Amino acid sequence: QVQLVESGGGLVQPGGSLRLSCAASGSISSINTMGWYRQAPGKQRELVAVITSGGSTNYADSVKGRFTISSDNAKNTVYLEMNSLKPEDTAVYYCNAVILRVGVRIYRTYWGQGTQVTVSS
C-alpha cells in the first residue's frame, strides 16, 4: 500500500503565505513525479505544480512567480511554498504522486486526501 499525507493548509489573508507538505509512505520502489493539484468549488481539478525525481518543475501560469515546489527525495516528501496568496487561490489542494511500488512493474498515480487553503480577509 501507498499513502500520501498532506499538511499545512489553513486560513490566510490576501498577500500572505502558506507551506504545504506531502509525505509518501508504504512499499515504494521509485517515485517518478510528485505534484500539487487544486479544486475550487464548482470548478475542475487543475494542476498547480509538479516536480520530477530529477528536479525539473512545471507550474500553472496562474501561480508562476508566487509558488515554489520542492522535494526531499530521501524523505519521499514534496513541498509547496505559496506566497502572495490571492482569494482565487482558495481551493482544496491535493498531493499527487506517480509511484512504482515494490514488486509491481508499472507506475501508478496516487492522491492525497486534500487540504483546504482559504485566502480571505
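As shown above, the structure is provided for reference.
The structure presented is a predicted model; accordingly, all values stated were derived computationally and were not measured.

Next up on the list: the overall build of the protein chain. Along the protein chain, the regular secondary structure elements total zero helices and 11 strands. The linear arrangement of helices and strands in the protein chain, starting from the amino end, is β-β-β-β-β-β-β-β-β-β-β. For 121 residues, the compact-globule formula gives about 14 Å, and the C-alpha radius of gyration of the protein chain, at 14 Å, lands near that figure. The proportion of buried residues among the 121 residues of the protein chain is 41%. Here the contacts in the protein chain between residues at least 6 apart in sequence split such that 56% fall between residues at least 24 apart. Accessible area of the protein chain: about 6,500 Å², with a carbon and sulfur share of 46%. One finds the centroid of the 11 positive side-chain charges in the protein chain at a distance of 8 Å from the centroid of its 7 negative side-chain charges.

Under the criterion given, the structure shown has one disulfide. Each sulfur of the disulfide joining C22 and C95 lies 2.0 Å from the other. Across the disulfide from C22 to C95, rotation about the S-S bond amounts to roughly -80°, and the bridge is consequently left-handed. One end of the pair, C22, is in strand β3 (residues 18-26); the other, C95, is in strand β9 (residues 91-101), and 73 residues separate them in sequence.

Glancing now at the pairing of β3. Alignment of strand β1 (residues 2-7) against β3, held across six bridges, turns out to be antiparallel. Each bridged residue has a counterpart across the sheet, and for S7 the counterpart in β3 is S21. Pairing of β3 with strand β8 (residues 77-82) involves six bridges; the strand directions are antiparallel. Among the inter-strand pairings, L18 is bridged to a residue of β8, identified as M82.

What counts, and at which threshold
- Residues numbered from 1 in each chain as written.
- Predicted model: local features only at pLDDT ≥ 70, side-chain atom pairs only at ≥ 80, totals over all residues.
- Heavy atoms only, no water.
- Helix = DSSP H or I, 4+ residues; strand = E, 2+ residues; numbered from the N terminus.
- Rg over C-alpha atoms; globule rule 2.2 N^0.38 Å.
- Buried < 20%, exposed > 50% of the residue type's maximum accessible area, 1.4 Å probe, protein only.
- Contact = heavy atoms within 4.5 Å.
- Areas by Shrake-Rupley, 256 points an atom, 1.4 Å probe, with all protein chains shown as cover.
- Lys, Arg positive; Asp, Glu negative; His and termini not counted.
- Charge placed at Lys NZ, Arg CZ, Asp CG, Glu CD.
- Disulfide = S-S within 2.5 Å.
- Pairing = 2+ DSSP bridges.

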